[in-house]
Amino acid sequence: MSHTAVIITVAYVIAVVIGSTISFVIFNSTRRPLDEDRSGTWSRRETTWLVIMVLALFALLMGTIFYVPYGESAGPNAQFVHVTGVQFAWAIDAPQPLVTGRPVEFIARSRDVAHGFGVYNPDDKLIFQAQVAPEHDQKIVHTFTQPGLYTVRCLEFCGAGHDKMVSSFTVRKA
Amino acid sequence: MDDRSIAIARKLTISYITASTAILAASGLLGVILRWSQAVPQARVGDNFWYALMTAHGLGAFVGWAGFAVMGLAFWVLAGVGFPVHGFGLAMARLSWWLMVLGVLGVIVTTIFMGFGASWVFLYPLPFYASGNWGAWATGLFSFSVLLAGLAIVTWCFAILHTVTNREALHSVSESIGKRLGLSFGWGFLMPRTFATNPKPVPYPVIPLAVIGFDMIIATLPLAGLLIWQILQSMGLVGTANVLLAKNILWWFGHPVVYLLLFPAVAVYYWLIPRYAGRDLVAGNVIAIAWTVAVIANVLVWAHHLYLDYPSGTVQAQINTAMQPITFALVLPSALSLYSLAFTIYRSRFRWTPASTALFFGLVGWLLAGLSGVVNATIAFDVQVHNTLWVVGHFHHMAMLNIGLLIFGAVYALLPELSGKALYSEKLGWMHVWTTFVAGMIVFGIWLVQGLDGAPRRWAVLPSQFDTLTRISLVFVFLLAGAQALFFWNVLQTLRGKGGVATFDERGIPEPSKKSSKEWSVHAAEGALVLVVLLLAAAFAVGGYLVGREHGKGGGGAVTTTQTSTGGGGVTGKAEAGKAVFASAGCGGCHTLAAAGASGNVGPNFDTVKPAAALVLARVTNGKGAMPSFKGRLTAQQIADVAAYVSQSAGK
């Protein structure tokens, strides 16, 4: 699993454990019903719950929004790769062999329908992806650290041969 | 509410529930075939047929079953809180039923019989790039069918808005329709001087219905425009539309349509959970704030489906970034509703029946779906899970374990009062509800795990490293499907009157059938649990056998792939046949060949290079540089044909 996938897994598992525990507590609480009416208090506390939720979501927003993949620059030392998606093949055109440690700028465009450029590392783990559509170039910047054979899979449904739209490229040690 | 209004609402709801349940049976079966085909090489269906089935399953289960069912339940809920459907609203509700049924039939015909397989999002311009699998007719008819379903949604919205602005039911003194709509949005709680000019506050279940009735009109109309464009384009009357704009329009509808399922479902929860808990909904005025946020945010989150589209020279990246906080805001109505419903149940004298257990599990499913949804909503995380099976796991949690269980719970709770007949068997109900929840958790949980591992979504045949989990999951898919058979049987027997006449307790909760009093009642839950565990054990055993069998073969499925000879060994190419291969394999996307009308400029220009057949054969078979290998994708004969065609027609 990639670094991001590990973060998602850990966070989701913790959230699910907490959620399941609360669900079970509520389920079990009906065994000892309360005849006194406390709904007034609980209703008022809903405002507190709203504040907690707003703060939690704001924290998550601030913690993640700076990691958007948009507008990244490959810098002057970049290696450029032209990627063309067609039903149902990838043409990956690198003028010289790609090496690790130097940013790679993929310039991707589709000839027909929308495709998804999903790159899997030599261990076959998904490391990044972006949509590739006709009419405009999509730029994706990535610096490879691991040499080897990378697999490209189409990650946007593009028709009957979608699952056959697989290609590969090699990254060498710098 | 007079008897006539109740009879009208009853008839409406029964007609919606009956039609949607039939659609569930059909589309659920398609879902089983899809996973079966992925898991078992011997059961594999043709690639385009798989995608056509996927298109039918998606639209059928999501809109035709879950959406259609909650749309019908809405009328009964509204009648229950004193809002009769009448006049214009009734005409719209009846029209909506017919439009939806015709739309779903059209989708079934165009996908299963005409091969339209562009998925339920029919991402423009894919409907017009069929690679020979369906024709312009199929695209036009499919677009028309979806347009009918879209119009069904719009007419339903009119029915709902007409009903929730009923002056008498609102106890409103205002003539202004805007003020009455504001009252239905819950603004009387927030601004009593302006809106609550009535003696009674609006019942909570009305609020989510008013919100979605308003939003879906805004969300659906642009899609209708796109669909009309597609119909015209399929007839050759207009040219190509802007691809990025089309995608934005699709999701402008595609996200709110999820809430066409959720918000009416929330109305049902607001109405039924208090009945089973024996106390009023625990809700502060603050819940009106959440729903006000929902009215606005719901139509402003579409681009979170385009997080990974940020092409140069467009403002898409900026729009996408703005969508993350707006999507987070849309968490609030769910968070507050779950709080209210949880405290309504907490330490109440809750009556546990198959109906209320399904509703409770539905709330758990809602929570789980919400948590995985927050991951999708976060751009930095979406990069990892976008278009992987994680997303499939997320929306099945939502559609099946939240909305689906709510529909089952509502049917068990309401069928006796709708039909006057007692539920045929509580025991079958228990088994159905528990098995659906447990098997569903496993099937959909496996998708989450596979997605985190990078398994691509919408692949007829998954990369082989995912086979083991897919095969294990198949066993639980069968269990899930089998449980639904119990549901259909139970409903059918109930409607045939096999459970006798319905009776209700002091809260309006249906009592178990007197006819089948020999059933377990006290130990029903425990009995069902034992059964589920036994079934799970059996399921694991079969799964283990399947996995073990594969390993016994020395790894990997025994899928036969076509071997291609590289030296032209014995296969003679036919240029006439090669022309079709050239077109269908997408060669023209990269290469220029005047004879084929191809003008690609990524790879070598055949008209200038004039390659020999042997060279084409070698390159197509093994690939080189940017040129991908087509070995395994094309047969030896096809490669020989295309080589003959290219060498003979280049430069002509």
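Quantities reported herein were computed from a predicted structural model and do not represent experimental measurements.

## Focus: the overall build of chain A
For step 1, the next point in the chain: Secondary structure assignment for chain A yields two helices and nine strands.
For step 2, the next point in the chain: Helices (α) and strands (β) of chain A occur, in sequence order from the N terminus, as α-α-β-β-β-β-β-β-β-β-β.
For step 3, the next point in the chain: Here chain A has a C-alpha radius of gyration of 24 Å; the compact-globule value for 174 residues is 16 Å, and the former is much larger.
For step 4, the next point in the chain: When the backbone C-alpha atoms are referred to their principal axes, chain A occupies close to 75 × 40 × 30 Å.
For step 5, the next point in the chain: Across the 174 residues of chain A, 34% fall into the buried class.
For step 6, the next point in the chain: Here the contacts in chain A between residues at least 6 apart in sequence split such that 67% fall between residues at least 24 apart.

## Some points on the interface of chain A and chain B
For step 1, the next point in the chain: Across the boundary between the two partners, chain A contributes 79 residues, which contact 81 residues of chain B.
For step 2, the next point in the chain: Of all the secondary structure elements, the ones that give two or more residues to the side of chain A that touches chain B are α1 (3-29), α2 (39-64), β1 (79-86), β2 (89-93), β5 (115-120), β6 (126-132) and β7 (138-143) of chain A.
For step 3, the next point in the chain: Of the residues forming the side of chain A that touches chain B, the biggest block, 13 residues, is contributed by α2 of chain A.
For step 4, the next point in the chain: Residue composition of the side of chain A that touches chain B, by class: 40 nonpolar, 24 polar and 15 charged.

## Here's the deal with the confidence of the model for chain A
For step 1, the next point in the chain: On average, residues of chain A score 93 in pLDDT, and 100% of them are at 70 or above.
For step 2, the next point in the chain: Averaged over each element, pLDDT in chain A is lowest for β2 of chain A (91) and highest for β5 of chain A (97).

## Considering unusual backbone geometry
For step 1, the next point in the chain: Here Q87 of chain A and F88 of chain A are connected by a cis peptide whose omega angle stands at 0°.
For step 2, the next point in the chain: Topologically, F88 of chain A is positioned in the loop between β1 and β2.
For step 3, the next point in the chain: Going from Y124 of chain B to P125 of chain B, the amide bond is cis rather than trans, its omega being 5°.
For step 4, the next point in the chain: Structurally, P125 of chain B can be placed in the loop between α3 (87-113) and α4 (136-164).
For step 5, the next point in the chain: For E135 of chain A, which is not glycine, the phi dihedral falls at a positive 80°.
For step 6, the next point in the chain: Relative to the elements of secondary structure, E135 of chain A occurs in the loop between β6 and β7.
For step 7, the next point in the chain: Residue classification places E135 of chain A among the partly exposed residues on the basis of 13 C-beta atoms within 10 Å.
For step 8, the next point in the chain: Backbone geometry at S119 of chain B places phi at a positive 70°, although glycine is not the residue there.

## Digging into the sheet that holds β2 of chain A
All names here are of chain A.
For step 1, the next point in the chain: Reading across from one edge, β2-β1-β4-β7 is the order of the four strands in this open sheet, with mixed pairing throughout. Two strands in the sheet have a free side with no partner beyond their single neighbour: β2 and β7. Across the sheet, the mean angle from the axis of one strand to that of its neighbour is 25°, orientation sign disregarded.
For step 2, the next point in the chain: As paired elements, β1 and β2 share five bridges and run antiparallel to each other. Directly across from H82, in β2, lies its bridge partner D93.

## Regarding the nonpolar core
Residues and elements named next belong to chain B.
For step 1, the next point in the chain: Grouped together as the largest cluster of nonpolar side chains are 247 residues, with contacts concentrated most on V70 and V268.
For step 2, the next point in the chain: The element contributing the most residues to this core is helix α2 (residues 47-80), with 23 residues.
For step 3, the next point in the chain: For V268, the contacting residues outside a window of four places in its chain are V70, L73, V77, L406 and A410.
For step 4, the next point in the chain: Core analysis: the second largest hydrophobic core is formed by 20 residues, C587, F630, V646 and A650 among them.

## A closer look at the sheet that holds strand β8 (residues 148-154) of chain A
All names here are of chain A.
For step 1, the next point in the chain: Reading across from one edge, β3-β9-β8-β5-β6 is the order of the five strands in this open sheet, with mixed pairing throughout. Each edge of the open sheet is held by one strand with a lone partner, namely β3 (98-99) and β6.
For step 2, the next point in the chain: Here six bridges tie β8 to strand β9 (residues 166-172), and the two strands are oriented antiparallel to one another. Directly across from V152, in β9, lies its bridge partner S167.

## Considering the environment of I231 of chain B
Residue and element names in this part refer to chain B.
For step 1, the next point in the chain: Within the secondary structure layout, I231 lies in helix α8 (residues 206-234).
For step 2, the next point in the chain: For I231, a count of 18 C-beta atoms within 10 Å corresponds to the partly exposed category.
For step 3, the next point in the chain: The sequence separation of I231 and A136 amounts to 95 residues, and the corresponding C-alpha distance is 9.0 Å.
For step 4, the next point in the chain: Setting aside residues no more than four positions away along its own chain, I231 makes contact with G140, S143 and F144.

## Thoughts on helix α9 (residues 243-254) of chain B
Residues and elements named next belong to chain B.
For step 1, the next point in the chain: With twelve residues, α9 extends 16 Å from end C-alpha to end C-alpha; this agrees with the ideal 16 Å at 1.5 Å per step.
For step 2, the next point in the chain: Within the sequence span of α9, burial applies to V243, L244, K247, I249, L250, W251, W252 and F253.
For step 3, the next point in the chain: For α9, the secondary structure elements touched by its buried residues are α8, α10 (256-277) and α12 (316-329).

## Considering the domain arrangement of chain A
For step 1, the next point in the chain: In terms of domain boundaries, chain A breaks down into domain 1 (3-67) and domain 2 (79-172).
For step 2, the next point in the chain: In this structure, domain 1 of chain A and domain 2 of chain A have C-alpha centres spaced 39 Å apart.

## A short note on the packing of α2 of chain A against helix α13 (residues 331-345) of chain B
For step 1, the next point in the chain: Where α2 of chain A contacts α13 of chain B, the axes come no closer than 10 Å and their chain directions differ by 145°. In the crossing of α2 of chain A with α13 of chain B, the sense of the turn from one axis to the other is right-handed. Together, W42, E46, W49, L50, M53 and L57 of chain A of α2 of chain A and V331, L332, A335, L336, Y339, S340 and F343 of chain B of α13 of chain B make up the contact between the two elements.
For step 2, the next point in the chain: When grouped by side-chain class, the residues that make up the contact of α2 of chain A with α13 of chain B number eleven nonpolar, one polar and one charged.

## So, the environment of G589 of chain B
For step 1, the next point in the chain: Residue position: G589 of chain B is located in the loop between α20 (575-584) and β1 (592-593).
For step 2, the next point in the chain: The class of G589 of chain B is buried, set by 21 C-beta atoms lying within 10 Å.
For step 3, the next point in the chain: Beyond its immediate sequence surroundings of up to four residues, G589 of chain B is in contact with V86, R111 and D112 of chain A together with G600 of chain B.

Thresholds, definitions, all that
Residues numbered from 1 in each chain as written. Chains lettered and ligands numbered in written order. Predicted model: local features only at pLDDT ≥ 70, side-chain atom pairs only at ≥ 80, totals over all residues. Helix = DSSP H or I, 4+ residues; strand = E, 2+ residues; numbered from the N terminus. Rg over C-alpha atoms; globule rule 2.2 N^0.38 Å. Buried ≥ 20, exposed ≤ 12 C-beta atoms within 10 Å, placed from the backbone. Contact = placed C-beta atoms within 7 Å. Nonpolar A, V, L, I, M, F, W, Y, C, P; charged D, E, K, R; others polar. pLDDT = per-residue confidence, 0-100. Pairing = 2+ DSSP bridges. Axes fitted to C-alpha atoms, helices over the stretch in contact; angles between N-to-C directions. Core = buried A, V, L, I, M, F, W, Y, C linked by C-beta atoms within 7 Å. Expected span 1.5 Å × (residues − 1). Domains from an automatic or database assignment. Left-handed = near helix turned anticlockwise from the far one by under 90°.

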